Amino acid sequence: MTHPQTLAEATELAHRIEQQLNRVLIGQQQVVREVLIALITGGHVLVEGVPGLGKTLLVRSLGRVLDLDFNRIQFTPDLMPTDVTGHAMYDPKSEQFRIRRGPAFTQLLLADEINRAPAKTQAALLEVMQERQITIEGKAFTLSEPFMVLATQNPLDQEGTYPLPEAELDRFLFKVLIDYPGHDDETTLVNMVLDGTIAASLDVDSLTAVADADAIAALKTLSATVLLDPEVLDYALRLVRTTRDFPGIIHGASPRASIALARAARAQALFEGRDFVTPDDIQQVARPVLRHRIQLSADAEIEGQTPESALERLLAQVEAPKQ
Amino acid sequence: MELEKANARLAPRGPWQAVDLGTRLYRHWAGPVTLIWLAMTALPFAALLGVSVQTESLWPILLFWWLKPLWERPVLAFYSHALFNETLAMGAIFRRLPSYARNGLIGQLTWRRLSPWRSFNNNVWQLEGARGDQANQRMRVLASGQPNRAAMLTLIVLHLEQFMTLGLLALLYMLIPWQFDLELSSWFFEQGSLQIVISCLCWYLVMVVTEPLYVACGFALYLNKRTWLEGWDLQLGLTRIGRRRGMLAIALLLLLPVLNPQPARADDQPARQQAIEVLAGKDFMPMEEAHERRWKDQSDSESDWMRALWKWLMEHKPEEKNHDPMSLPDGLIRTLAWLLFIAVALWLIIRILRYLDQGGTTAGRKGESAPPTHVAGLDIRQQSLPDNLTAAINQALQANDIRTALSLLLRAVLADLLPRYPVRVHRGTTEQQCLRALRQQHGEQPLFAYLARLVDAWVRTAWAHRPVEASQVRELLDHWQQLHRGEHAHA
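Residues numbered from 1 in each chain as written. Chains lettered and ligands numbered in written order. Predicted model: local features only at pLDDT ≥ 70, side-chain atom pairs only at ≥ 80, totals over all residues. Heavy atoms only, no water.

Q: Looking at this model, I keep getting lost on the overall build of chain A. Mind explaining?
A: In terms of helices and strands, chain A carries 13 helices and 11 strands. Every one of the 323 residues in chain A was classed for burial, and the buried ones make up 54%. Taking as baseline every contact in chain A between residues at least 6 positions apart, the subset at least 24 positions apart corresponds to 77%. Of the roughly 14300 Å² of accessible surface on chain A, a fraction of 51% belongs to carbon and sulfur atoms. (Helix = DSSP H or I, 4+ residues; strand = E, 2+ residues; numbered from the N terminus. Buried < 20%, exposed > 50% of the residue type's maximum accessible area, 1.4 Å probe, protein only. Contact = heavy atoms within 4.5 Å. Areas by Shrake-Rupley, 256 points an atom, 1.4 Å probe, with all protein chains shown as cover.)

Q: It is not clear to me how the overall build of chain B should be interpreted in this structure. Could you clarify?
A: For chain B, the helix and strand inventory stands at 23 helices and 2 strands. Taken over 491 residues, chain B has a buried fraction of 37%. A sequence separation of at least 24 residues applies to 74% of the contacts in chain B between residues at least 6 apart. Accessible surface, chain B: about 29600 Å² in total, of which carbon and sulfur atoms supply 60%.

Q: What exactly am I supposed to notice about the packing of helix α20 (residues 402–420) of chain B against helix α22 (residues 446–463) of chain B here?
A: Between two packed helices, the angle of one axis relative to the other and the distance separating the axes together describe the packing. Residue and element names in this part refer to chain B. Close contact between α20 and α22 brings their axes to 10 Å; oriented N to C, the two are set at 145°. At the point where α20 passes α22, the crossing takes the left-handed sense. Counted together, Ile 402, Arg 403, Leu 406, Ser 407, Leu 409, Leu 410, Val 413, Leu 414, Leu 417 and Arg 420 of α20 and Leu 447, Tyr 450, Leu 451, Leu 454, Val 455, Ala 457, Trp 458, Thr 461 and Ala 462 of α22 form the full contact between these two elements. Grouping the amino acids of the contact of α20 with α22 by side-chain chemistry returns 15 nonpolar, 2 polar and 2 charged. (Axes fitted to C-alpha atoms, helices over the stretch in contact; angles between N-to-C directions. Left-handed = near helix turned anticlockwise from the far one by under 90°. Nonpolar A, V, L, I, M, F, W, Y, C, P; charged D, E, K, R; others polar.)

Q: Can you help me understand the confidence of the model for chain B in this one?
A: Should the pLDDT be low somewhere, the predicted coordinates at that spot are not to be read in detail. Residues and elements named next belong to chain B. When the pLDDT values of chain B are averaged, the result is 78; 78% of them are 70 or greater. Throughout residues 261–266 the model reports pLDDT below 50, and contacts reaching past four residues in sequence, or to other chains, amount to 2 contacts. Under a pLDDT of 50 for its full length, residues 363–368 has, in the predicted model, 10 contacts with residues more than four places off or in other chains. (pLDDT = per-residue confidence, 0-100.)

Q: Honestly, the UniProt feature "transmembrane region" (unreviewed entry) in chain B in this entry has me stumped. Any pointers?
A: The UniProt feature table records "transmembrane region" (unreviewed entry) at residues 34–55, 75–94, 150–176, 196–223 and 336–356 of chain B. Annotated as 96% helix and 0% strand, the span residues 150–176 of chain B places its first and last C-alpha atoms 39 Å apart. (UniProt positions renumbered as here; feature names shortened; annotations may be inferred.)

Q: Before we go on, may I ask you to explain the interface of chain A and chain B in this structure?
A: Reports often express the size of an interface as the amount of accessible area lost when the parts come together. Each partner contributes to the interface: chain A provides 30 residues, whereas chain B provides 28 residues. Summed over both partners, the interface of chain A with chain B comes to about 2400 Å²; 54% of that surface belongs to carbon and sulfur atoms. Along the contact surface separating chain A from chain B lie 2 salt bridges. Close ionic contact of Arg 466 of chain B with Asp 275 of chain A constitutes a salt bridge, the shortest N to O distance being 2.9 Å. Connecting chain A to chain B are 11 residue pairs in polar contact (both at pLDDT 80 or more). Those elements that provide at least two residues to the side of chain A that touches chain B are α9 (230–243), α11 (279–290), α12 (298–302) and α13 (307–317) of chain A. A breakdown of the residues in the side of chain A that touches chain B according to their chemical character gives 15 nonpolar, 5 polar and 10 charged. (Buried area = accessible area lost by both parts, 1.4 Å probe. Salt bridge = Lys/Arg side-chain N within 4 Å of Asp/Glu carboxyl O. Polar contact = N/O pair within 3.5 Å; in protein donor to acceptor, adjacent residues only side chain to side chain.)

Q: Even after reading the chapter, I still don't get the pattern of salt bridges, so can you show me in this structure?
A: Pairing between side chains of opposite charge can happen when the charged atoms of each approach one another. Residues and elements named next belong to chain B. Tallying each qualifying case throughout the model produces 24 salt bridges over all chains. The partner of Arg 226 in a salt bridge is Glu 128, and the shortest N-O contact between them spans 3.6 Å. Of this pair, Arg 226 sits in helix α12 (residues 193–230) while Glu 128 is found in the loop between α8 (118–126) and α9 (132–143), placing the two residues 98 residues apart along the sequence. Of the residues examined, Arg 226 reaches a relative accessible area of 12% and is grouped as buried.

Q: Would you explain the nonpolar core in this entry?
A: Soluble globular proteins tend to bury their nonpolar side chains together. Within the largest apolar cluster, 124 residues are counted, with the highest numbers of intra-cluster contacts made by Ile 17, Leu 150 and Phe 174 of chain A together with Leu 451 of chain B. In terms of residues, this core owes the most to one element, α20 of chain B, which gives 12 residues. Listed in part, the 63 residues of the second largest apolar core include Trp 37, Leu 48, Leu 49 and Phe 84 of chain B. (Core = buried A, V, L, I, M, F, W, Y, C linked by side-chain atoms within 4.5 Å.)

Q: What exactly am I supposed to notice about the side chain of Ser 407 of chain B here?
A: The residue Ser 407 of chain B is located in helix α20 in this model. When near neighbours in sequence (up to four residues on either side) are disregarded, Ser 407 of chain B contacts Leu 378 and Trp 458 of chain B.

Q: Explain the packing of aromatic side chains here, please?
A: Taken as a whole and judged by the stated rule, the model has 14 aromatic pairs over all chains. For the pair Tyr 90 of chain A and Phe 97 of chain A, a centre-to-centre distance of 5.5 Å together with 65° between the ring planes defines the contact as edge-to-face. Aromatic ring contacts, followed pair by pair, group Phe 45, Phe 64, Trp 71, Trp 203 and Tyr 204 of chain B into a single cluster. Of note, Arg 113 of chain B hangs over the ring of Trp 65 of chain B, and the distance from its end group to the ring centre comes to 4.3 Å. Its guanidinium or amino end placed over the ring of Trp 66 of chain B, Arg 113 of chain B lies 5.6 Å from that ring's centre, counting from NZ or CZ. (Phe/Tyr/Trp six-rings, centres within 6.5 Å; stacked < 30°, edge-to-face > 60°. Lys NZ or Arg CZ within 6 Å of the ring centre and 35° of its normal.)

Q: Hey, could you run me through the sheet that holds strand β1 (residues 44–48) of chain A in this one?
A: Where strands meet in a sheet, backbone hydrogen bonds hold them as pairs that are either parallel or antiparallel. Residue and element names in this part refer to chain A. On the basis of which strands lie adjacent, the open sheet formed by 5 strands has the order β2-β5-β8-β1-β9 and parallel pairing. Across the chains shown, the open sheet's two edge strands, defined by having one partner strand only, are β2 (70–74) and β9 (172–177). Here the strands of the sheet are splayed against their neighbours by 20° on average, with no regard to which way each runs. Pairing of β1 with β9, which is carried by 5 bridges, proceeds in the parallel orientation. Bridge pairing links Leu 46 to Lys 175 in β9. The sheet contacts of helix α3 (residues 55–66) involve β1, β2, β5 (108–112) and β8 (148–153), and relative to β5 the element is tilted by about 170°. (Pairing = 2+ DSSP bridges.)

Q: What am I meant to see in a nonpolar patch on the surface here?
A: Residues and elements named next belong to chain B. A cluster of nonpolar side chains, Trp 16, Met 152, Leu 155, Ile 156 and Leu 158, forms an exposed patch at the surface whose accessible area comes to about 460 Å². Here the nonpolar patch takes 4 residues from helix α10 (residues 150–175), the largest share from any one element. Tracing the chain through its elements places Leu 155 in helix α10. (Patch = residues over 30% accessible without salt bridge, like charges linked within 9 Å, V, L, I, M, F, W, Y side chains within 5 Å.)

Q: Would you take a moment to explain the environment of Glu 469 of chain B for this structure?
A: Residues and elements named next belong to chain B. Along the chain, Glu 469 turns up in the loop between α22 and α23 (470–490). In this structure Glu 469 comes out as exposed when scored by relative accessible area, which is 56%. C-alpha separation for the pair Glu 469 and Ile 402, spaced 67 residues apart in sequence, amounts to 7.8 Å.

Q: Whenever I open this one, unusual backbone geometry confuses me. Can you help?
A: For residues other than glycine, phi is negative in most cases, and the peptide bonds are mostly trans. Residue Pro 146 of chain A is bonded to the preceding Glu 145 of chain A through a cis peptide linkage, with omega at -10°. Structurally, the position occupied by Pro 146 of chain A is in the loop between β7 (139–142) and β8. Its identity is not glycine, yet Asn 400 of chain B carries a phi of approximately 60°, on the positive side. For Asn 400 of chain B, a relative accessible area of 59% translates into the label exposed.

Q: Just checking my understanding: could you explain helix α2 (residues 29–41) of chain A for this structure?
A: The periodicity of an α-helix, 3.6 residues per turn, causes residues three or four places apart in sequence to face the same way. All names here are of chain A. For α2, built from 13 residues, the straight-helix expectation of 18 Å at 1.5 Å per residue is met to within 8% by its first-to-last C-alpha distance of 18 Å. Most of α2 is tucked away, with 11 of its 13 residues classed as buried. Along α2, the residues classified as buried are Val 31, Val 32, Arg 33, Glu 34, Val 35, Leu 36, Ile 37, Ala 38, Leu 39, Ile 40 and Thr 41. Positioned one or two residues after α2, Gly 42 has a phi angle of 85°, which is positive. (Expected span 1.5 Å × (residues − 1).)

Q: What's the story with the state of the cysteines in this structure? I'm lost.
A: By definition, a disulfide links two cysteine residues through a covalent bond between their sulfur atoms. Evaluated as defined, the whole model comprises 0 disulfides over all chains. Free of any disulfide, Cys 202 of chain B has its nearest neighbouring cysteine sulfur in Cys 200 of chain B, separated by 9.3 Å. (Disulfide = S-S within 2.5 Å.)

Q: What should I look at first to understand the packing of helix α1 (residues 7–24) of chain A against helix α8 (residues 213–223) of chain A in this one?
A: All names here are of chain A. Running from N to C, α1 and α8 cross one another at 130°; their axes reach a closest spacing of 10 Å. Between α1 and α8, the angle falls in the class oblique. The handedness of the crossing between α1 and α8 comes out as left-handed. Across the interface between the two elements, Leu 7, Ala 10, Leu 13 and Ile 17 of α1 pack against Ala 215, Ile 216, Leu 219 and Leu 222 of α8. When the residues that make up the contact of α1 with α8 are grouped by side-chain class, the tally is 8 nonpolar, no polar and no charged. (Parallel < 35°, antiparallel > 145°, perpendicular 65-115°, else oblique.)

Q: Can you walk me through the pairing of β8 of chain A in this structure?
A: Consecutive side chains along a regular strand alternate between the two faces of the sheet. Residue and element names in this part refer to chain A. The element β8 is largely enclosed, with a buried count of 6 among its 6 residues. A two-sided burial pattern is seen for β8, the buried positions comprising Met 148, Leu 150 and Thr 152 on one face and Val 149, Ala 151 and Gln 153 on the other. Summarising the sheet, β1 and β8 pair through 4 bridges and their orientation is parallel. Bridge assignment links Val 45 to a residue of β8, and that residue is Leu 150. Two strands pair when backbone bridges link them, and β5 and β8 are joined in this way by 4 bridges, in the parallel orientation. The residue bridging Ala 111 from the neighbouring strand is Ala 151, located in β8.

Quick look at the structure:
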C-alpha cells in the first residue's frame, strides 16, 4: 500500500477512500466527507440521526476501507466506566492482577447512543478522547494512532437520556447530522439491495482496503502543510468570536473551536485538491464545528430558533474576508 | 427600569407563551430561587410542623399555607432584579424583607387571600409600589385587553401541587416493605403523627418546585401585559433604530415637531392650575420620573418658524388678489407642501415597517430588490470602477500588480452580472458562494463558466499567494470583452 508524498497524491487517496465509502452509504456524501475530514484532522465526531440511517455501517465501512481496528459499545444506563476502558482483575493461577483491556482499546470506536449512559461513564471517555490514553490502576496505556471516537445520539427519543456535558461536547471536532437520503438516493439504495449489489445487512465485505494507519498519518501531515492566509484565519476567528456575543446565543464557542475550524478547513481544502484554504472552506466546515458548541438563549428557543438557524444568520452577518 | 438590560426578549406574546417564558425563567434561575425559598420557609415550616405534630392538628400547617403570599415576595424580588442583570445576594434579600412586605400584604393575607390572580397582582403591589386606590386602578388597567390567564395558572399550579404530593405519597407507600402489612387507606387517611410528618414533608418538597415556578409564571404574565400595553418592544425597537439608523432617527426627530406641534395656549392660568391639581390627585397614576431627549440650545427663532410653518399649513385663509403674473397661487403651494409632507411620512413609515419586518437587520430583502454593492468585501458599484477598465487593468499589469488587475476585472464582471442575474448576497457571502448562487438560481450560462475561471484565478491570487501570469489576466480580459460585445450585439 503506497503512502501519499504530495498534496496531489493525498487528495487522490482521500477521494479513493470517499468513493469506497459512498458505495455502501448511499446518499450520505456530506456525512462521509465530514467524517473523513475529522479523521484526517485527528478529531472525534458526534453523529446525530434517527436509527436506520447507517451510522454503524459508516464506522464498519471506515474500519474496512482504512484497515483499522473497530469496536462498538452500546451505551446503556447501567454501563460502568470500566466497561469502556477496562480494569485489573485478579488471576488465581498466576496470583497476580491482570489488565483486561476494554473496548476503548481500538482505533475506531463507535459509542452508540452515548447519551444513554450516566455522566460518570461518559466522563470515562474524556481522557480517552483528549489524551488518547487510558489509565487503569494508575498505569497509563497509550492508544495506537489513528484513534477516533464516533459517538451517536438519537434526536427523537429523549426519554431516559443524560445530555452530554459541555466539556465533553467541546471535545468532539464535529457534530454531524445524518438525515434521510433523498428520494433518488433511496430508490438507488433499495434497487441495489433488491438486485443483490449490496446486502441489506451490515455487509462490508465488498469493500477493499485502500489505505492504512500510516497512510492516514501521511494525510494528516500533508493537510498541516496547506496554506492558511492570515486574513482567512482572521475570518475563522471572527466567526467563532461572534458566537460569544450574538443575539440568541447565550454561550458561544471556546478557543478549541477556533483551532478545530482552522484544522478542519485545511483538510477540506485538501479534499478540494487545493494547497490553500479559502473563506469558502471555512464556511463549509463552520456548521459541524460550531453547532454543538453554541447554546441558544431561552427566548430564542421559545421563538423556535435552532442552532442551525442561528449559525445561518451568523454566517450571513459576519463579513467575508477581503484582499 | 432599563429595558435594554433585560435577559429575556420583551415581545408581545400570547398568555400561554408568557407562561412558557415563566417556566424558562424558573429553569434559568432554579438554583438561586430554590435556595431563597428554602432560606425563607424551612425554619418556619419546621417550627409549624413541630407544633402540628405535638398538637396532632393540621391548623399550624394551614397557617403556613395561608402565609404563602409572604413567602413568595422574596422570590419575586429576586426574579425582578435578575431579569435586569442584577443578582440579589441572600443577605440583601433578608435586609429588604420589610420593604417587600410593605404594600398590599395585609390585604393579600386577609380578604384577598383566595384571589386566583395572586401571582399577577402581587407584581403591582410589590414591584410598582402602588397602594390603595392607585393599586386598584392599576390592576383594572392591567386587566384590560386580552385575558391574562393568571386565574387559570393558579388553578393549574394548585392541581399540580396536589397531584405531585399524592404522587410522592404513593411512591413512598410503594417503597414500604410488604412485611409491614400497611393498608393503603390507613396510609392516606389516618391522622397519626407519622402520617402528618410524611404528608406535610411531601407537600413541602413539592412546593420547593411549584412555588418559585408559580411566581415566575405570574411575573412573566405581568411583563407580557406591560409589553402589550406600554409597547416595550416598540420602545426597544426604536432605541435600536436610533442607534443603528442615526440619520433615520434624526429625520424622525426633525419631523416630530411637525407631527406633534405645540398646541396654541390660551391665557387661562386658573384653569391650568386646577388641571394640575386634579392630575396630582390620588385618582391618577403615581408620578414617575421621565427622561427625554431635547435639542440643546434650541433658539426661539427655530421653534417660531416651525410654528409659523405649521400654522400656515393648517390655516385656510382666503387668497388675496396678486397681480404678479409669475407668482404661484398660495393654495397650490400649500397643496404641494402637504403632498410632500405625506410622501415623506409614508416613506418613513414604509422604511420602519420593512426594517421591523426584517427583524431589525439590514440584510433580508435587500438582495432581492436592489443589486448588491459589495461581494466578499469587493466594491462592485459602477461609480467605484474606473471609466476605462481596460486601461486601468493594463496599467496595473504593467506595474506587475496582478492582484489589482484581477480585482478590477472581477469587480467589473460582478457589477455587470448581478443586476442582470439577481441573487441574494449577504455580508458573509464569498466569491465562490456568489458563483454557486448564480448557477443554482439561473442555471448554467456561458457567462457563469467564464466567471468560474475568473474566480478561480482570483482565489489563487488572493488566498494562495500565487498570482497568475499577466498573460492569463489579459486573456481573461479579452474573453470578457468578447462576451460583453456578444451580449450587446445579441441584445
